[in-house]
Amino acid sequence: MIQVEHLCKTYRVSRRDGGLKQAVKALGRRETYAVKALDDISFTIPDGEIVGYIGPNGAGKSSTIKILSGILVPDSGTCLVNGRVPWKERKRHVAEIGVVFGQRTQLWWDVPVTDSFSLLKDIYRIDPAIYRRNAEELTELLDLGDLLRTPTRQLSLGQRMRCEIAASLLHDPKVLFLDEPTIGLDAVSKLAVR
């Protein structure tokens, strides 16, 4: 279960006008302003639910997912995922979640995808029999086939995202967070990922 109550997160953003004179001026004093990414967000998601978290760019979707996955600490509010505070019990928490960020990879760039999967097996301490079962099932479900033997850098974006989703599911996570997993994909690839 996921419980979020009165979550708030604000970022400090600097800005300046263009040009060399403004760049030199900004070295001594920066003009900053506050951006409220999350302003008193509350929700509960029971076990087994599939939820879409939608909103315009800058609405705080990624910030929420980063807090739920333990990457960010909120300014205020409470958050429990499976009874844990994600940023306080990070090691135990990440062992039970899977996360896919559309603009970040968990696969190693210069090695075949299968080598990345093997490394994730060791990181998550996945039992070899469970790993084999999950890898075979995900390979079939996501049509990975020969992609597993290809270095990540040589995959198309759609192929890489399918591999990213498989990688995030190898350890049987209790919760899966998908943050824009279809960003930049064509219509056919989006359907395959969904």
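Everything quoted here is computed from the prediction, not taken from an experiment.

Peer 1: Give a description of the sheet that holds strand β3 (residues 76-81) that names residues and reports values.
Peer 2: In space, the 3 strands of this open sheet follow the order β2-β1-β3, with antiparallel pairing throughout. Every other strand in the sheet has two partners, leaving β2 (31-45) and β3 as the edge strands with one partner each. The sheet shows a mean angle of 30 degrees between the axes of neighbouring strands, direction not considered. Note that strand β1 (residues 2-15) and β3 share 5 bridges and pair antiparallel. Looking across to β3, one finds that Ile2 is bridged to Val81.

Peer 1: Outline the packing of helix α4 (residues 113-123) against helix α6 (residues 157-169), listing residues and values.
Peer 2: What describes two packed helices is the angle between their axes and the distance between those same axes. Across the interface, α4 lies against α6 with an axial gap of 10 Å and an inter-helix angle of 20 degrees. Relative to α6, the element α4 lies roughly parallel. Here α4 and α6 pass one another in a crossing that is right-handed. Between α4, through Val113, Phe117 and Leu120, and α6, the contact on the second element is made entirely by Cys163, Ala166 and Ala167. Partitioning the contact of α4 with α6 into residue classes produces 6 nonpolar, no polar and no charged.

Peer 1: Let's hear about the packing of aromatic side chains: which residues, and what values?
Peer 2: Scanning the entire structure with this criterion turns up 1 aromatic pair. One residue, Lys121, lies across the ring of Tyr131, its end atom 5.8 Å from the ring centre.

Peer 1: Help me get a handle on the nonpolar core, residues and values and all.
Peer 2: Soluble globular proteins tend to pack their nonpolar side chains together in the buried interior. Ranked by internal contacts, the top residues of the largest apolar core, which has 21 residues, are Phe117, Leu144, Cys163 and Leu170. Those elements giving two or more residues to this core turn out to be α4, α5 (128-141) and α6. Ranked by residue count, the leading element in this core is α6, at 5 residues. Setting aside its immediate chain neighbours within four residues, Cys163 contacts Leu107, Val113, Phe117, Leu144, Leu147 and Leu155.

Peer 1: Quick one: what's the story with a nonpolar patch on the surface, residue by residue and with numbers?
Peer 2: Nonpolar side chains collect at one region of the surface, where Leu20, Val24 and Leu27 lie side by side and expose about 370 Å² of accessible area between them. In this fold, Val24 is placed in helix α1 (residues 20-28).

Peer 1: I'd like to hear about the pattern of salt bridges, residue by residue, with values.
Peer 2: Applying the stated criterion to the full structure yields 11 salt bridges. Notably, a salt bridge pairs Glu96 with Arg84, separated by 2.8 Å at the nearest N-O pair. Highlighted residues: Glu96 in the loop between α3 (90-94) and β4 (97-101) and Arg84 in the loop between β3 and α3, separated in sequence by 12 residues. As far as the burial class goes, Glu96 and Arg84 line up, both buried. The closest approach of N and O atoms between Asp110 and Arg153, which form a salt bridge, is 2.7 Å. Here Arg153 lies in the loop between α5 and α6 and Asp110 lies in the loop between β4 and α4, a separation of 43 residues in the sequence. Judged by its relative accessible area of 52%, Asp110 falls in the exposed class.

Conventions adopted
- Residues numbered from 1 in each chain as written.
- Predicted model: local features only at pLDDT ≥ 70, side-chain atom pairs only at ≥ 80, totals over all residues.
- Heavy atoms only, no water.
- Pairing = 2+ DSSP bridges.
- Helix = DSSP H or I, 4+ residues; strand = E, 2+ residues; numbered from the N terminus.
- Axes fitted to C-alpha atoms, helices over the stretch in contact; angles between N-to-C directions.
- Parallel < 35°, antiparallel > 145°, perpendicular 65-115°, else oblique.
- Left-handed = near helix turned anticlockwise from the far one by under 90°.
- Contact = heavy atoms within 4.5 Å.
- Nonpolar A, V, L, I, M, F, W, Y, C, P; charged D, E, K, R; others polar.
- Phe/Tyr/Trp six-rings, centres within 6.5 Å; stacked < 30°, edge-to-face > 60°.
- Lys NZ or Arg CZ within 6 Å of the ring centre and 35° of its normal.
- Core = buried A, V, L, I, M, F, W, Y, C linked by side-chain atoms within 4.5 Å.
- Buried < 20%, exposed > 50% of the residue type's maximum accessible area, 1.4 Å probe, protein only.
- Patch = residues over 30% accessible without salt bridge, like charges linked within 9 Å, V, L, I, M, F, W, Y side chains within 5 Å.
- Areas by Shrake-Rupley, 256 points an atom, 1.4 Å probe, with all protein chains shown as cover.
- Salt bridge = Lys/Arg side-chain N within 4 Å of Asp/Glu carboxyl O.

Spatial relationships are all this shows, so hold off on functional conclusions.
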